[in-house]
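So the chains spell out like this:
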Amino acid sequence: MEAEGKEVEKNWGKGGGARQPLVHTAKGRTAQDTEKPEQKSHLSAMWPPRASSDILQMRITHHCHWAAPALRLSSLILLLPTCLSLEETLLPVPPAVANASQGLPGAIIIGVRKGGTRALLEMLDLHPAVAAAPAEVHFFDLDENYRHGLGWYRAQMPASLPGQLTVEKTPGYFASPKAPARVRHMDRAVRLLLIVRDPVQRLVSDYTQVLRNRQLRKKPYPALEELLLRQGRVNPGYRALQRSLYHLHLRRWLAHFPRAQIHVVDGDALVRDPLPELKRTERFLGLPARIGAANFYFNATKGFYCLRPLGGHDRCLDESKGRAHAPLAAAVLRALCRFFREPNHTFFRLVGRSFDWC
């Protein structure tokens, strides 16, 4: 059987000769797309597990989607003689998760792009009462997704248990002119998280990501200073610069949501010392205090904090986080700081909080 990606075999338990191993794959696809009726009865026999050691331990947000009244495993292949694919196969729901269901998010990380949204989501996912969507959905900012409707959006969410808070993050929402009204139309009480960092550093990080993507595709891309400057002056039309004008985008959101419903996270502080920012975020979301110092450790090689889930495996953010920025001349940096001084102060007044930016 061929499968894309690295295969990691997991057995259902010791001495379970009739039970078959499960294999994780990147795509979870084989030549066959359907399951034969006689194989369904074999799968039904797998529940309940014989012992606690038989239970397949997996995180909802990384490897599978749970849906009632059946369990959908979208990234697994069951090694049966016929090599059937489970991408479209439904397994019986074990009693422990029979009341799990997919729901609309109660909180959304709306931005900013290159502000630390992935780090914030991964850290919130340490909380047992949080169900984090595994990918950016781009429902409210892309017309081609929005026209599918809320049913489609709900289907992109992870399954959650009663009492859990579903959290989605798509940083493109913050600068999208259409997103605020669309989000309010879904739920006027939804809680919004906005993580920001020094707008100059965010701009450079934004450029660096685009440059890296172009290089991987062996396509040319102008130097940062060529995009930033026009006849020696800062070019306000450069899109990466526009994304750093936080006050303009925040005003659109404040036209649809009260300020108390938007929690601002200091992205620079989250990198230096994540716990204080996370405790404030827990309180804003109405979550019990569960994330603590034991959930983090400093990785001296990477230069930032990594995550230590209780009872799980330590993990760091992917290699793209913390990559070296594109070089920027000191004179250009000073020009950018002057350009952003007034926009930054306007943003500070809007959020009632100041930040240590240039």
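Above this note sits the structure.
Read on for an overview of the structure. Numbers given for residues are sequential positions, taken from 1 along each chain in its written order. Only residues with pLDDT of 70 or above have their local features reported here, since the model is predicted, and side-chain atom pairs are shown and tallied only from 80 upward, although totals for entire chains, interfaces and linings are computed over all residues. Excluded from the side-chain calculation are hydrogens and water; included are all heavy atoms of the structure.

The next thing to look at is the side chain of Asp141. By the element assignment, Asp141 lies in the loop between strand 9 (130-132) and helix 4 (143-146). Burial classes: relative accessible area under 20% of the type maximum marks a residue as buried, over 50% as exposed, and values in between as partly exposed (1.4 Å probe, protein chains only). Counting rule for charge: Lys and Arg are taken as positive, Asp and Glu as negative, and neither His nor the chain ends is counted. Counted as salt bridges are all cases of a side-chain nitrogen of Lys or Arg within 4 Å of a carboxyl oxygen of Asp or Glu. At 6.8 Å, Arg182 is the nearest oppositely charged side chain to Asp141, a buried residue that forms no salt bridge. Under this definition, polar contacts are N or O atom pairs within 3.5 Å; protein pairs additionally need one hydrogen-donor-capable and one acceptor-capable atom, and for neighbouring residues in sequence, both atoms have to be side-chain atoms. One polar contact links Asp141 to His138, side chain to side chain, over a distance of 2.9 Å. In this structure Asp141 touches Thr170, Gly172, Tyr173, Ser176 and Arg182, once residues within four positions along its chain are discounted. Helix and strand definitions here come from DSSP, where helices need a minimum of 4 consecutive H or I residues and strands a minimum of 2 consecutive E residues; each element is numbered from the N-terminal end. In this analysis, two residues are considered to be in contact whenever any of their non-hydrogen atoms come within 4.5 Å of each other.

On to the sheet that holds strand 11 (residues 165-169). Any two strands with at least two DSSP bridges between them are considered paired. Strand order across the open sheet formed by five strands is 9-11-8-12-15, with parallel pairing between neighbours. A single partner strand is all that each edge strand has here, and the edge strands are strand 9 and strand 15 (262-266). Sheet twist, expressed as the average angle between the axes of neighbouring strands with direction ignored, equals 25°. In this analysis, axes come from line fits to C-alpha atoms, helices being fitted only over the stretch in contact, and the angle between any two N-to-C directions falls in the range 0 to 180 degrees. Along the sheet, helix 3 (residues 117-124) contacts strand 8 (107-111), strand 9, strand 11, strand 12 (191-196) and strand 15; its crossing angle with strand 8, the most-contacted strand, is approximately 160°.

Attention shifts here to the state of the cysteines. In protein chemistry, a disulfide is the covalent bond that joins the sulfur atoms of two cysteines. By convention in this document, the label disulfide applies to cysteine sulfur atom pairs within 2.5 Å. Enumeration over the complete set of coordinates arrives at two disulfides. With a sulfur-sulfur separation of 2.2 Å, Cys337 is cross-linked through a disulfide to Cys358. Its S-S torsion of about -100° marks the bond between Cys337 and Cys358 as left-handed, since a negative value means left-handed. Of this pair, Cys337 sits in helix 13 (residues 330-351) while Cys358 sits in the segment after helix 13, and the two are 21 residues apart along the sequence. In the protein, numbering the disulfide-bonded cysteines from first to last in sequence yields the connectivity 1-2, 3-4.

Here we come to the environment of Pro327. With respect to the helices and strands, the residue Pro327 is situated in the loop between strand 17 (304-307) and helix 13. The spacing of Pro327 and Leu224 is 103 residues in sequence and 8.2 Å in space, taken between C-alpha atoms.

Everything listed is a geometric property; what it means functionally is a separate question.
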